[in-house]
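Observations on the model geometry
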Amino acid sequence: MTPSNTSVLLIYTGGTIGMIENTETGALENFNFEQLQKHVPELRKSNCTIDSYQFDPPMDSSDMEPEAWRKLVKIICDNYDRFNGFVILHGTDTMAYTASALSFMLEGLDKPVILTGSQLPIGVLRTDGKENLMTSIEIASAQDADGKPLVPEVCIFFENHLMRGNRTTKMNAENFNAFRSFNYPVLAEAGIHIKYNHSLIHHTREKQELKPHYLLDTNIAVLKLFPGIHENVVAATLSIDGLRAVVLETYGSGNAPRKQWFLRLLREASARGIVIVNVTQCSAGTVEMERYETGYHLLQSGIVSGYDSTTESAVTKLMFLLGHGYTPEEIRERMSRPIAGEITL
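Residues numbered from 1 in each chain as written. Predicted model: local features only at pLDDT ≥ 70, side-chain atom pairs only at ≥ 80, totals over all residues. Heavy atoms only, no water.

So, helix 3 (residues 95–105)
- Counting buried residues in helix 3 gives 10 out of 11 residues, a clear majority hidden from the surface.
- Those residues of helix 3 that fall on the buried side of the exposure criterion are Met95, Ala96, Thr98, Ala99, Ser100, Ala101, Leu102, Ser103, Phe104 and Met105. (Buried < 20%, exposed > 50% of the residue type's maximum accessible area, 1.4 Å probe, protein only. Helix = DSSP H or I, 4+ residues; strand = E, 2+ residues; numbered from the N terminus.)

Structure follows, in structure tokens:
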């Protein structure tokens, strides 16, 4: 249910959803909130009060970086007591990275933060943006009979599905169903009614204070294995100046070549304090390094299992942990347990 006295802050960062076609030139231009209300008159019919904040200038999502994540955390923190929920309009390309990062940076969150966007601009006749926007606002303001938010976590809503943000990845650049949560069920499905899977949604038993985090360290590399990968490629990656962590994208359930040079380079890097996290290249499934001999060799080399983490989640979680000054041993331990429901043990 959405009580009439709820309020939502709409934060526009940029991206396709906020583009409106200039009728004179045909060019796509970024909107302001007044233009949005014109193109989405349904906003006026909403049961909740909607306020807006706009990035100036708007950012293409391919330019989104930790500084923009810090800005989002600051906006949410500064307005936390004034609103029941937050909707972030964001470009699709890096939305899963932003959602993952915010899930770690907003410790103690007990209000909805819903990221959404579109594949077609909001001013185009067949846009998917209008439905994504209106449903996200409804979810962000939804409360139970006791006045508590139904979805007090960072999520992505796209094409009828509400997904945990740090479980989501973009898997289609063409279709409206651009995002998928392969290793965790959807939190809600929007049809004629919005059906919430309450048992899957994260709830804190006691009311918590929001504790924002701003410290991130981006000295991370992603190394994707492929058949025939050269020793000098792996060596060059692991010897990058200032490197502190690597997300190693392996085959299947966490397997990698058994070549001596490969295992030696990994062992040496781990011994130098570089944290190496093993995630699978597969869209669905989990890393099980004890399952095959090839994975077991990685375990012996000091590699940490990423379990069923997405690459986006593993990267941003490492940024978060590195930024807080933990030792390599502490980071390895924290990567092996969930902080915000990002992995299944």
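Structure shown, so let's carry the discussion forward.
Observations concerning the UniProt feature "active site" (unreviewed entry) in the protein
- Residues annotated in UniProt with the feature "active site" (unreviewed entry) correspond here to Thr16 and Thr92. Maximum C-alpha separation among the annotated residues is 7.9 Å over a sequence range of 77 residues, consistent with a single clustered spot.
- Residue placement: Thr16 occurs in the loop between strand 1 (7–12) and strand 2 (19–21).
- Locating Thr92 in the fold gives a position in the loop between strand 5 (85–89) and helix 3.
- Discounting residues that sit within four places of it in the chain, Thr92 has contacts with Ser61, Ser118, Gln119, Phe158, Lys170 and Phe179. (UniProt positions renumbered as here; feature names shortened; annotations may be inferred. Contact = heavy atoms within 4.5 Å.)

A look at the pattern of salt bridges
- The tally for this structure, following the rule as stated, stands at 11 salt bridges.
- Of the charged contacts, one joins Asp217 and Arg244 as a salt bridge, the two residues approaching to 2.7 Å between their closest N and O atoms. Taken as a pair, Asp217 in the loop between strand 14 (211–212) and strand 15 (220–224) and Arg244 in the loop between helix 5 (231–238) and strand 16 (245–250) lie far apart in primary sequence, 27 residues in all.
- As a salt-bridge pair, Arg264 and Glu268 come within 3.6 Å of each other at their nearest N and O atoms. On the criterion of helical spacing, the pair formed by Arg264 and Glu268 is a turn pair, its members being 4 residues apart in helix 6 (residues 260–271).
- The exposure class of Arg264 is partly exposed, given its relative accessible area of 32%.
- Judged by relative accessible area, which is 37%, Glu268 ranks as partly exposed.
- Taken together, the shared-partner salt bridges connect Glu231, Arg264 and Glu268 into one network. (Salt bridge = Lys/Arg side-chain N within 4 Å of Asp/Glu carboxyl O.)

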